[in-house]
Amino acid sequence: MEAQIKNPILLIIGMKIVMSYTSKTSSLRYAICKFSVSLRFFSYSQNQSAKKNSRFEAIGDAVALFSRLITIHPLPSVVEFNMILGSIVKMKHYPTAISLYKQMGLRGITPSIVSLSILINCYCHLGHMGFAFSVLGMVLKGGYQPNAVTLTTLMRGLCVNGEVRKAVDFHESVVAQGFVLDEVSYGTLINGLCKIGQVRDAYELMHKMEGQMVRPNVVIYNMMIDGLCKDGFVTEACGLYSEIVGQGMSPDIFTYTCLIHGFCSLGQWQEVTRLLSDMVDKNVKPNVYTYNILIDALCRKRMFRKAHDMCNLMIKRGQRPDVVTFNTLMSGYCLYNDVDEARKLFDTFVEWDIMPDVWSYNILIIGYCKSKRIVEAMNLFNKMHCTNLVPNIVTYSSVIDGLCKCGRISYAWELFNAIQADGPSPNVITYNIMLDALCKIQLIDDASELFNLLFERGLTPNVSTYNILINGYCKSKRIGEAMNLFKEMHHRNLVPDLVTYNSLIDGLCKSGRISHAWELFYVMHDSGMPVNLISYNILLDAFS
DNA sequence: TTAGGGTTAG
């Protein structure tokens, strides 16, 4: 059955393609190129106006056009098909692109390295890295030459699927085999490494790429600057800024925004001001991200008047506040326990023509829970279900925490089980919340069972998980089990913190094992842990 | 002549 083209503009373009094909191949390419641009436009307008159906129509049109092209005699070249597949990938319809790729094969169209790279990209986006690499196998067996795009796509796939290390190893092996990578390939790896906090390795890689005759561009410098700033190495990030300038390149809005973020985190306002005036000199205009960072920094310092002034300034300079701006302000108010002020802002979203997102709801739900106003938190949680917003694991964890802290543990437990069965999978934070609740009501054996379940679900406990359980065991006077967990932390390369030591020292003291408590106190001291007042009070209490 | 990388908020 012939597919219908629903959009009139695309119908015209589609007809143009069929007509022009009979005359000239170049016209066909021109028409498809226009089609591709139109698809991108529709995809864009879908984002802008949130019209649910336009994306569906655009994808429908793309498929319809593909179906028409595949029936033309003689068949258009693979380039035309690649252009349609590329547009479908841009619309994130990966399974559709894969299915159309397969149809191409059935029609006897020989894929090019571009088609195969698109296919690899689809599998990577779907998290099917095994399939992605089997396509690479096809590439090699078929005598194609994988290029920098093919290899970068795979490296990015590994990075976004949580296997950055494998991506780095893969890069090393392809370089050793003589494949040539470019600045995008290195940028992908550097970004992957920075995102998992391996900034040092990223930095080394940036210097290594120069040995491969690939020079870092501003994008790579920006990623490094961002990574360094987020790790607190703002001085080093500034060094890279100087390198950009020294090499005759121009720092852009990303460079400045990342650096401003770094200095805001350190509270170095003078540097922030200096960067802002530097931006004026270099004619780089702050954008909504830059303003949001500044507003966030002001809110964290409780400078709400100045934060609102900054909001007005951004409007005056032609930058519209967005949902992040409002979320940032709401978050600031909640940080200082003023959930009512945050709620007032939330209620003005409509006036600003801004749609609240999951973050907006989460900020308020957490705010209400913190103030023990569980009814209002639950009302918002229920209101979310009436919108198109899908609560995420942060929403559920916050609500579960709120319910636990208000003593409604059975309801919290019900929700926890519900999301285990069907919902956003609980993460280690959700488990910690439930574990804490169980320990607080002395159900330490149930907590221990839940702790085992955490491993079964493939999650990794963190220091807080151990602290919660150790504290639970200590409060139940089961010091032996608490000490076993303490040892287990070491095996898992988890470094005990002040909370771990204080819980154990308290537990040991309250069980009359004061000499053991002292021993542990010295272990803590020797490990370089800054001892706080709580530690001394625990020991003083024990002595008195 | 189609395919791959970068900034914000819990």
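Above this text you will find the structure in question.
If you're wondering where the values come from, they're calculated on a predicted model, not measured in any experiment. The residue count restarts for each chain, going from 1 along the sequence in the order it is written. Ligands are numbered from 1 and chains lettered from A, in the order in which they are written. Given that this is a predicted model, residues contribute local features only at a pLDDT of at least 70 and side-chain atom pairs are listed and counted only at 80 or more, while totals for whole chains, interfaces and linings are drawn from all residues. The basis for every side-chain value is the complete set of non-hydrogen atoms in the structure, without hydrogens or water.

### Details of the overall build of chain A
Here comes step 1: Helix and strand counts for chain A come out as 30 helices and 0 strands.
Here comes step 2: Exposure categories follow from relative accessible area, calculated using a 1.4 Å probe and restricted to protein chains: below 20% of the type maximum is buried, above 50% is exposed, and the middle band is partly exposed. Of all 544 residues assigned to chain A, the portion counted as buried reaches 47%.
Here comes step 3: Residues count as neighbours in contact if any of their non-hydrogen atoms are within 4.5 Å of one another. Across chain A, the fraction of contacts at a sequence separation of at least 24, relative to all contacts at a separation of at least 6, is 59%.
Here comes step 4: For chain A, the accessible surface area stands at approximately 28000 Å², while carbon and sulfur atoms represent 57% of it. By the criteria applied, helices consist of DSSP H or I runs no shorter than four residues and strands consist of E runs no shorter than two, each listed in order from the N terminus. For every accessible area listed, the method is Shrake-Rupley and the probe measures 1.4 Å; residues are considered covered only by the protein chains on display.

### Things to note about the protein's contact with DNA strand B
Here comes step 1: When at least one non-hydrogen atom of a residue lies within 4 Å of a molecule or strand, that residue is treated as near it. Taken together, 46 residues form the shell around DNA strand B, and within it Asp 182, Lys 230, Arg 300, Asn 362 and Val 394 come nearest.
Here comes step 2: Take the atoms of DNA strand B that sit within 4 Å of the protein: sugar and phosphate atoms are 40% of them.
Here comes step 3: Here a polar contact is recorded for every N or O atom pair within 3.5 Å, except that within protein the pair must consist of a potential hydrogen donor and a potential acceptor, and residues adjacent in sequence are included only if both atoms are side-chain atoms. Arg 300 is positioned such that a nitrogen or oxygen atom in its side chain is 2.5 Å from a phosphate oxygen of DNA strand B.
Here comes step 4: Contacts to DNA strand B include Asn 327, whose side-chain N or O atom sits 3.3 Å from a base nitrogen.
Here comes step 5: Grouping the amino acids of the surface near DNA strand B by side-chain chemistry returns 16 nonpolar, 18 polar and 12 charged. Gly falls in the polar group here, along with every residue not listed as nonpolar (Ala, Val, Leu, Ile, Met, Phe, Trp, Tyr, Cys, Pro) or charged (Asp, Glu, Lys, Arg).

### Some words on the nonpolar core
Note that soluble globular proteins tend to have their nonpolar side chains buried in a common cluster.
Here comes step 1: In terms of nonpolar packing, the biggest core is built from 171 residues, with Ile 190, Met 224, Ile 400, Ile 470 and Ile 505 touching the most fellow members.
Here comes step 2: An automatic or database domain assignment is the source of the domain bounds shown. Viewed by domain, this core spans two of them, domain 1 (1-110) and domain 2 (286-353), each represented by three or more residues.
Here comes step 3: In this structure Met 224 touches Ile 190, Cys 194, Val 199, Ala 202, Tyr 203, Met 206 and Leu 240, once residues within four positions along its chain are discounted. By nonpolar core is meant a set of buried Ala, Val, Leu, Ile, Met, Phe, Trp, Tyr and Cys residues that side-chain atoms within 4.5 Å join together.

### With respect to the environment of Glu 481
Here comes step 1: With respect to the helices and strands, the residue Glu 481 is situated in helix H27 (residues 479-491).
Here comes step 2: For the pair Glu 481 and Leu 469, spaced 12 residues apart in sequence, the C-alpha separation works out to 9.4 Å.
Here comes step 3: Looking at Glu 481, its side chain comes within polar contact range of the side chain of Arg 478, at 2.9 Å.

### Here's the deal with helix H26 (residues 463-475)
Here comes step 1: Take the number of residues in a helix, subtract one, and multiply by 1.5 Å to get its expected span. Helix length check: H26, at 13 residues, gives a terminal C-alpha distance of 18 Å against a target of 18 Å (1.5 Å per residue), a fit within 8%.
Here comes step 2: H26 sits mainly inside the fold: 10 of its 13 residues count as buried.
Here comes step 3: For H26, every residue scored as buried is listed here: Val 463, Thr 465, Tyr 466, Asn 467, Ile 468, Leu 469, Ile 470, Gly 472, Tyr 473 and Cys 474.
Here comes step 4: Against helix H24 (428-440), helix H25 (444-456), H27 and helix H28 (498-510) lie the buried residues of H26.
Here comes step 5: A distance of 3.2 Å separates the backbone nitrogen of Ser 464 from a side-chain oxygen at the start of H26, and that oxygen is part of Asn 462.

### Here's the deal with the side chain of Thr 430
Here comes step 1: If you trace the backbone, Thr 430 turns up in helix H24.
Here comes step 2: There is a polar contact of 3.0 Å between the side chain of Thr 430 and the side chain of Ser 397.
Here comes step 3: Once you skip the residues sitting within four places of it in the chain, Thr 430 turns out to touch Ile 393, Ser 397, Ile 400, Phe 416 and Ile 419.

### Observations regarding the packing of helix H23 (residues 409-421) against H24
Here comes step 1: As a packed pair, H23 and H24 sit with axes 11 Å apart at the nearest point and diverge in direction by 150°. Compared by their axis directions, H23 and H24 come out roughly antiparallel. Relative to H24, H23 is oriented so that their crossing is left-handed. Residues Ile 409, Ala 412, Trp 413, Phe 416, Ile 419 and Gln 420 of H23 pack against Thr 430, Tyr 431, Met 434 and Ala 437 of H24.
Here comes step 2: Within the contact of H23 with H24, the residues separate by chemical class into 8 nonpolar, 2 polar and no charged. For helices, the axis comes from a line fit to the C-alpha atoms of the stretch in contact; other axes are also lines fit to C-alpha atoms, and the angle between any two N-to-C directions lies between 0 and 180 degrees. In this scheme, roughly parallel covers angles under 35 degrees and roughly antiparallel covers those over 145, while 65 to 115 is roughly perpendicular and the rest are oblique. In this scheme, a crossing is called left-handed if the near helix is turned counterclockwise away from the far one by less than a right angle; it is called right-handed if the turn is clockwise.

### Thoughts on the pattern of salt bridges
Here comes step 1: By convention in these notes, a salt bridge is any Lys or Arg side-chain nitrogen within 4 Å of a carboxyl oxygen on Asp or Glu. Summed over the entire model, instances satisfying the criterion amount to 18 salt bridges.
Here comes step 2: Between Glu 163 and Lys 166 there is a salt bridge; the shortest N-O distance is 3.0 Å.
Here comes step 3: Under the relative-accessibility criterion, Glu 163 is labelled partly exposed at 27%.
Here comes step 4: In this structure Lys 166 comes out as partly exposed when scored by relative accessible area, which is 46%.
Here comes step 5: A salt bridge links Asp 278 to Lys 282, with the nearest nitrogen and oxygen atoms 3.6 Å apart.

Purely geometric stuff here, so don't read any function into it on its own.
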